[in-house]
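Results of the structural survey
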Amino acid sequence: MDFAQVVQYLISGLTVGSIYALLAIGFVTIYNTTGILNFAQGEFAMIGAMSCISFIGWGFPMYAAIPSAILVTSFVGLFLERTLIKRARRSTPVHMVVITIGLSILLKGIGMIIWGTYPKSLSPIIHAAPIEIFGAVMTSQSLFIFIVLIMLLILLYLFFDKTYLGSALRASETNPRAANLMGINTQSMSALSFSLAAALGAISGIIIAPMTDATYEMGLMIGLKGFVAMVIGGMNNISGAVMGGLLLGVLEAFSNGFLSSTYSDAISFSVLLLVLFLRPMGLFGKTSGARV
Amino acid sequence: MLKIDNLSASIGNVRILHSIHMQVNEGEIVSVIGANGAGKSTLLNTLSGLYKPTEGTVQLFSETISGLPAHKVVGRGLSLVPEGRQVFSNLTVKENLLLGMYSNYFKKKELAKPNLEKVLEMFPGLKKHLNNLGGLLSGGEQQMLAIGRGLMSDPKIILLDEPSMGLAPMIVNEILANLKFIKEQLGVMVILVEQNVKAALNVADRVYVMDQGRVTLSGTRDEIGKNEDVMSAYLGVKRA
């Protein structure tokens, strides 16, 4: 094993990890504002990727197809929240998990009817020569993914930490009852978080599609990986989710490289189990406490 | 003026409030006292829209506010400072205060600054903490933050659910002095729910005594203060 190879694994791990991170951020956004684990998060990636491919098929240029696909997906998220999730708000967390798994199967079925079962491909979003780093090759697509992740993190930070609406979202997350008393309609906040999470899912689907091809059933696996990343990161903080995603991606890349790609999923889920057994609050999570 | 007429409320299948009649006039501090489980908190939560009344009406300056959800009631001018303060622990003090005026922030953004100054003038102790997290404040400071946050929406009436809970007597006195300021300087009506009856009698103009979901007695501060039943039940003063 030489150094260049290690760097190569690291780059491909971080690339895949960035996508897991985006999905994990979507999980965290919904979980924080509503307490719901949304297992349909991966389906948002599928809808984003597939609708982007459709828009391009209809002759949209790439720069118009991507925002349109993101918009469509976030409307799907909004619609699902307003029609189904809202009605089930009083259900227990376990029921909610079953409901979102059902939702994921439903969306997958609808995806199959609309887009068929054949994999579709999306051409690379940017065309540039690969860059060489310490003897390893970083494709322009990988670089693009890192840039997207960093930009989104900055935007999310600004939104959640520096805007009034962002503070209202965080308030409804920490104390929905008190937020209600301030005049915050916590149901609208739930709708907002679903749209936001759907948009994030769509972005991850669109950037992964040129690398793996898109199918109606792509959502399940990357959705689960996003979930694992979220749990590793500690469920309720965005930076933890990002670290969890990157860590999981790198772990997978190295196990692909040194063992076999057959085991990579098994390794991811073993890590999930290990984290749940040894550090259930996540690697980057804090146990919560409050002054009374 | 706040007028509560024949108000009843249930939690689940259990009826907690039974036909409450109450009135708060302009420029008044009204205190509601009673034992644990008398329904005081349920009353405040029903007034603020967290619970839906099963019967009766609540009118604030002849506008009916009963039946509205909590996030709309605050915009109509009724603000509740909930039991146990409930500050947003992971938000800064400034963010906490600004969220207090969420109901009219998007319409009257220009009020944010003067309102913030007004609250900080009232609670100068919060000034140095503006950028600290709400959860890191002491109990007394959190209570001041909660009251300040409740005032940010320019309410016509503010409801306080046991502001003295868990606080040192000196801080309780400070908070009670603030209630007088709220009444006299800001012209806001106050409903004060207290277990600390002595403190409540100190600042209230009128008092309602609640027992098992009913108003059993009402009167001016002096009338209630001289009532032997109340004194023996809540202050342990022995009958002569």
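Small disclaimer: the values here were computed from a predicted structure and weren't measured.

**A word on the overall build of chain A**
Across its full length, chain A holds 11 helices and 2 strands. In terms of overall dimensions, chain A is globule-like: its C-alpha atoms have a radius of gyration of 19 Å, near the 19 Å expected for 292 residues. Structurally, chain A occupies a C-alpha span of about 60 × 50 × 35 Å along its principal axes. For chain A, the proportion of its 292 residues judged to be buried stands at 47%. A separation of at least 24 residues holds for 76% of the contacts in chain A among residues at least 6 apart in sequence.

**A few points about the overall build of chain B**
Secondary structure assignment for chain B yields 10 helices and 10 strands. For chain B, whose C-alpha radius of gyration is 17 Å, the value lies close to the compact-globule estimate of 18 Å for 240 residues. The principal-axis extents of the C-alpha atoms in chain B amount to approximately 55 × 40 × 30 Å. In chain B, which comprises 240 residues, the share counted as buried stands at 48%. Relative to all contacts within chain B whose residues are 6 or more apart in sequence, the contacts with residues 24 or more apart total 64%.

**Some points on the pairing of strand 1 (residues 2-11) of chain B**
Residue and element names in this part refer to chain B. As defined by bridge partners, strand 1 adjoins strand 2 (residues 14-24) across 7 bridges and the pair is classed as antiparallel. The residue bridging leucine 2 from the neighbouring strand is valine 24, located in strand 2. In this sheet, strand 4 (residues 53-60) lies alongside strand 1 in antiparallel orientation, the contact comprising 6 bridges. When the sheet's bridge partners are listed, alanine 9 is paired in strand 4 with proline 53.

**Comments concerning the packing of helix 6 (residues 164-174) of chain A against helix 8 (residues 186-212) of chain A**
Residue and element names in this part refer to chain A. At a closest axis distance of 10 Å, the pairing of helix 6 and helix 8 adopts a crossing angle of 110°. When the interaxial angle is binned, helix 6 and helix 8 end up roughly perpendicular. By crossing handedness, the relation of helix 6 to helix 8 is classed as left-handed. Across from Ala168, Leu169 and Ser172 in helix 6, the residues of helix 8 making contact are Thr186, Met189, Leu192 and Ser193. Each residue belonging to the contact of helix 6 with helix 8 can be placed in one class, and the counts come to 4 nonpolar, 3 polar and no charged.

**Side note on the interface of chain B and chain A**
Taken together, the contacts link 21 residues of chain B with 16 residues of chain A. Mapped by element, the contributors of at least two residues to the side of chain B that touches chain A are helix 2 (70-73), helix 3 (93-99) and helix 4 (102-105) of chain B. For the side of chain B that touches chain A, the per-class residue count stands at 10 nonpolar, 10 polar and 1 charged.

**Observations concerning the sheet that holds strand 7 (residues 157-161) of chain B**
Residue and element names in this part refer to chain B. Sheet architecture is open: 6 strands sit in the order 6-7-8-3-9-10, paired in mixed fashion. Two strands lie at the open edges of the sheet, namely strand 6 (78-81) and strand 10 (214-220), each paired on one side alone. Across this sheet, the average inter-strand angle for adjacent strands is 20°, counted without regard to direction. As defined by bridge partners, strand 7 adjoins strand 8 (residues 189-194) across 5 bridges and the pair is classed as parallel. Each residue of the ladder has a partner; that of isoleucine 157, found in strand 8, is methionine 189. Those strands touched by helix 1 (residues 40-47) are strand 3 (29-34), strand 6, strand 7, strand 8 and strand 9 (206-211), and its axis lies near 145° from that of strand 7. Against the sheet, helix 7 (residues 169-184) makes contact with strand 3, strand 7 and strand 8, and its axis sits at roughly 155° relative to strand 8, the strand it touches most.

**Overview of the confidence of the model for chain A**
Of all residues in chain A, 97% attain a pLDDT of 70 or more, and the chain-wide mean is 88. The secondary structure element of chain A with the lowest average pLDDT is strand 1 (residues 131-133) of chain A, at 83, and the one with the highest is helix 2 (residues 41-57) of chain A, at 94.

**A short note on the sheet that holds strand 2 of chain B**
Read across the open sheet, the 4 strands follow the order 2-1-4-5 (chain B); overall the sheet is antiparallel. A single partner strand is all that each edge strand has here, and the edge strands are strand 2 and strand 5 (63-64) of chain B.

**Some words on the environment of alanine 49 of chain A**
Relative to the helices and strands, alanine 49 of chain A is located in helix 2. Spatially, the C-alpha atom of alanine 49 of chain A lies 14 Å from that of glycine 116 of chain A, the residues being 67 residues apart in sequence.

**Things to note about the confidence of the model for chain B**
Residues and elements named next belong to chain B. Per-residue confidence for chain B gives a mean pLDDT of 91; residues scoring 70 or more make up 98%. Ranking the elements of chain B by mean pLDDT puts helix 10 (residues 228-234) last with 80 and strand 6 first with 96. With pTM at 0.85, the complex prediction returns an ipTM value of 0.90.

**Section: unusual backbone geometry**
Residue and element names in this part refer to chain B. Non-glycine residue serine 62 carries a positive phi angle of around 60°. Structurally, serine 62 is set in the loop between strand 4 and strand 5. You can call serine 62 exposed: it has 7 C-beta atoms within 10 Å. For aspartate 154, which is not glycine, the phi torsion reads 50° and is therefore positive. Tracing the chain through its elements places aspartate 154 in the loop between helix 6 (139-151) and strand 7. Taking the C-beta count within 10 Å as the criterion, aspartate 154 has 18 such neighbours and is therefore assigned partly exposed.

**Side note on the pairing of strand 4 of chain B**
Residues and elements named next belong to chain B. In terms of strand pairing, strand 4 meets strand 5 through 2 bridges, oriented antiparallel. Bridge assignment links leucine 60 to a residue of strand 5, and that residue is glutamate 63. Connecting the antiparallel pair strand 4 and strand 5 is a turn made up of 2 residues, with phenylalanine 61 showing a positive phi of about 45°.

**Thoughts on helix 2 of chain A**
Residue and element names in this part refer to chain A. Taking 1.5 Å of rise per residue, 17 residues should cover 24 Å, and helix 2 covers 25 Å from first to last C-alpha, within 8% of that figure. Within helix 2, 13 of the 17 residues are buried, which leaves it mostly tucked inside the rest of the structure. Just beyond helix 2, the residue with positive phi is glycine 59, at close to 95°.

**Examining helix 1 (residues 3-34) of chain A**
All names here are of chain A. Between the first and last C-alpha of helix 1 there are 45 Å, a value that for 32 residues agrees with the 46 Å anticipated at 1.5 Å per step. Where burial is concerned, most of helix 1 is hidden: 25 out of the 32 residues are buried. Immediately beyond the C-terminal end of helix 1, within one or two residues, lies glycine 35, with a positive phi of roughly 75°.

What counts and what doesn't
Residues numbered from 1 in each chain as written. Chains lettered and ligands numbered in written order. Predicted model: local features only at pLDDT ≥ 70, side-chain atom pairs only at ≥ 80, totals over all residues. Helix = DSSP H or I, 4+ residues; strand = E, 2+ residues; numbered from the N terminus. Rg over C-alpha atoms; globule rule 2.2 N^0.38 Å. Buried ≥ 20, exposed ≤ 12 C-beta atoms within 10 Å, placed from the backbone. Contact = placed C-beta atoms within 7 Å. Pairing = 2+ DSSP bridges. Axes fitted to C-alpha atoms, helices over the stretch in contact; angles between N-to-C directions. Parallel < 35°, antiparallel > 145°, perpendicular 65-115°, else oblique. Left-handed = near helix turned anticlockwise from the far one by under 90°. Nonpolar A, V, L, I, M, F, W, Y, C, P; charged D, E, K, R; others polar. pLDDT = per-residue confidence, 0-100. Expected span 1.5 Å × (residues − 1).

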